Amino acid sequence: MEIATMTKKTATSAMVPESPWRMAVRRFSRNKLALGGLVILLMMFLICFIGPIFSPYKLYDYSLADKNLPPSSTHWFGTDKLGRDILLRVMLAGRISLLVGIFATIITVIIGGILGAVAGFFRKKIDTVIMRIADIFMSLPTLPILIILGAVMSDLKIPPPSRIYYLMFIIGLLSWTTLARLVRGQILSLREQEFMLATEALGLRDYRKIFRHLLPNTIPIIIVTATLSVASAILYESSLSFLGLGVIPPTPSWGNLIADANNLIDFRKRPWLWIPPGMCILITTVAINLIGDGLRDALDPKMKR
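- By the naming in an unreviewed UniProt entry, the protein goes by Peptide/nickel transport system permease protein and is assigned to Paenibacillus barengoltzii J12.
- In its Subcellular location (unreviewed entry) section, the UniProt record describing the protein reads: "Cell membrane".

### A closer look at the overall build of the protein
Thought 1: Secondary structure assignment for the protein yields 14 helices and 0 strands.
Thought 2: Helices and strands in the protein line up, N terminus first, as α-α-α-α-α-α-α-α-α-α-α-α-α-α.
Thought 3: With respect to the principal axes defined by its C-alpha atoms, the protein has extents near 75 × 65 × 30 Å.
Thought 4: Looking at the protein as a whole, 40% of its 305 residues are labelled buried.
Thought 5: For the protein, the share of sequence-separated contacts (at least 6 apart) that also reach a separation of at least 24 residues comes to 71%.
Thought 6: By element, 69% of the accessible surface of the protein is carried by carbon and sulfur atoms, the whole surface being about 17,400 Å².

### With respect to the environment of Arg30
Thought 1: Summarising the element assignment, Arg30 is placed in the loop between helix 2 (20–29) and helix 3 (32–50).
Thought 2: Classification of Arg30 by relative accessible area gives exposed; the value is 60%.
Thought 3: In this structure the C-alpha to C-alpha distance between Arg30 and Gly294, which are 264 residues apart in sequence, comes to 9.3 Å.

### Concerning the side chain of Thr105
Thought 1: Checked against the element boundaries, Thr105 lands in helix 4 (residues 86–122).
Thought 2: At 3.3 Å, the side chain of Thr105 and the backbone nitrogen of Val230 are in polar contact.
Thought 3: Here Thr105 is in contact with Ala226, Ser229 and Val230, once residues within four sequence places are set aside.

### Some details on the packing of helix 9 (residues 194–202) against helix 10 (residues 206–214)
Thought 1: Where helix 9 meets helix 10, the axes come as close as 11 Å, and the angle between the chain directions of the two elements is 145°. Here helix 9 runs over helix 10; the crossing is right-handed. Seen from helix 9, the contacting residues are Phe195, Met196, Thr199 and Glu200; seen from helix 10, they are Lys209, His213 and Leu214.
Thought 2: Per-class residue counts for the contact of helix 9 with helix 10 are 3 nonpolar, 2 polar and 2 charged.

### What to know about the layout of surface pockets
Thought 1: By volume, the second largest pocket amounts to about 290 Å³.
Thought 2: Forming the boundary of the second largest pocket are 18 residues, of which Leu174, Ser175, Thr178, Ser229 and Tyr236 lie nearest the centre.
Thought 3: Put simply, the parts of the chain that give the lining of the second largest pocket at least two residues each are helix 4, helix 5 (124–139), helix 8 (177–190) and helix 11 (219–242).
Thought 4: Broken down by element, the lining of the second largest pocket gets its largest block of residues, 5 residues, from helix 11.
Thought 5: A class-by-class count of the residues in the lining of the second largest pocket yields 9 nonpolar, 9 polar and no charged.

### Topic: the pattern of salt bridges
Thought 1: Scanning the model with the defined rule gives 6 salt bridges in all.
Thought 2: Note that Arg181 and Asp135 form a salt bridge whose closest N and O atoms lie 2.2 Å from each other. Placement of Arg181 in helix 8 and of Asp135 in helix 5 is noted, with a sequence separation of 46 residues between them.
Thought 3: Beyond isolated ion pairs, a larger network of salt bridges with shared partners links Asp80, Arg84 and Arg89.

### A word on the packing of aromatic side chains
Thought 1: Across all of its chains, the model carries 4 aromatic pairs by this definition.
Thought 2: Between the aromatic rings of Phe121 and Phe122, the centroid separation amounts to 5.0 Å while the plane-to-plane angle is 90°, which identifies the pairing as edge-to-face.
Thought 3: Under the relative-accessibility criterion, Phe122 is labelled partly exposed at 34%.
Thought 4: One residue, Arg191, lies across the ring of Phe121, its end atom 5.2 Å from the ring centre.

What counts and how
Here, residues in each chain are numbered from 1, in the same order as that chain's written sequence. Local features are withheld for residues below a pLDDT of 70 in this predicted model, meaning they are given only at 70 or higher, and side-chain atom pairs are given and counted only at 80 or more; totals for whole chains, interfaces and linings count all residues. Only hydrogens and water are removed before side-chain values are computed, so all heavy atoms of the structure are retained for them. UniProt positions are given in the numbering used here, feature names are shortened, and annotations may be inferred rather than shown by experiment. Going along the chain from the N terminus, every DSSP run of H or I of four or more residues is numbered as a helix, and every run of E of two or more is numbered as a strand. When accessible area is computed with a 1.4 Å probe and restricted to protein chains, residues below 20% of their type maximum are described as buried, those above 50% as exposed, and intermediate ones as partly exposed. Should any heavy atoms of two residues lie within 4.5 Å, those residues are considered in contact. We get accessible surface area from the Shrake-Rupley algorithm with a probe of 1.4 Å; when it comes to residues, only the shown protein chains can shield them. Think of a polar contact as two N or O atoms within 3.5 Å of one another; within protein, one of them needs to be a possible hydrogen donor and the other a possible acceptor, and neighboring residues in sequence only count if both atoms come from side chains. Axis angles are defined between N-to-C directions and span 0 to 180 degrees, where every axis is a line fitted to C-alpha atoms and, for a helix, only to the segment in contact. Left-handed describes a crossing whose near helix is turned anticlockwise from the far helix through less than a right angle; right-handed describes the clockwise counterpart. Classification used: nonpolar for Ala, Val, Leu, Ile, Met, Phe, Trp, Tyr, Cys and Pro, charged for Asp, Glu, Lys and Arg, polar for all others including Gly. Note on definitions: the grid is 1 Å and covers protein atoms alone; a cavity is a set of points where a 1.4 Å probe fits but cannot get out; a pocket is an open set with protein on both sides within 12 Å along at least five of seven lines; lining residues have an atom within 4 Å of a point. Grid points are joined across faces, edges and corners, and a volume is the space filled by probe spheres set on the points. By definition, a salt bridge exists where a carboxyl oxygen of Asp or Glu is found within 4 Å of a side-chain nitrogen of Lys or Arg. Paired rings are identified among Phe, Tyr and Trp, the last through its six-membered ring, by centres lying within 6.5 Å, and are further divided according to the angle between planes into stacked (under 30 degrees), edge-to-face (over 60) and tilted (the rest). Sitting over a ring, as applied to charges here, requires NZ of Lys or CZ of Arg to be within 6 Å of the ring centre and within 35 degrees of the ring normal.

Listed below in structure tokens is the structure:
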């Protein structure tokens, strides 16, 4: 009797269809490279946000007697030209670089998702206007524009803490076009399906159709695009900071830490000045791209390579 009951439960559970999100999680968990990237990224977050708490040094601790020391048991990553601990500065710089990448991507998702959904839903003139604006933004060279805007911020003497927020907004504002086009394409396909006929029959307003029924169905492609956008935003921020136009001292970022090795002697004789932040940028962006590829394969198996 018990065996029959168990068999019946097993058969019933087998008949219940698996939800798309569970299927995506299961596919993602089978991707070893994506899981490795996720572990590396989580470790990077823990090191950058929790590591400084356990450091015996402070951000503004200067000791000219200990300047340019190589890595040792006292200073694991050595010290810079002002005697500051490189390990602590790399961890604190990671906070800035990661936050800039994340919040710039949030701005990208908000602008690109909404504009793409509106263009795909209303079509005609609204679609034409939004897509032509997207074409203009796509024709602009992103990095040179960022360099120009960074120079403008320097001329305006914007305080270092405020520059971080301006940088997030500028990177997000220049990066929305790809997501908008992808969301628009999905909306154009979704709005012709049967569930949208039901919303017409129910007399729902346009904003409910867009934000309650269409946009939620584009979440997979938004997640994948946003994940890859984080890596791009981190690289943009690092490039600007390296040129002295992004996050500027005394606020540390991975880009301006690399810029500390600004002469041939530092580059050749003191590699501990630039290798740790450079490796952090490399490891973080590779991990994020592995996660993005894994999410793409998990959420849309038809795109799997």
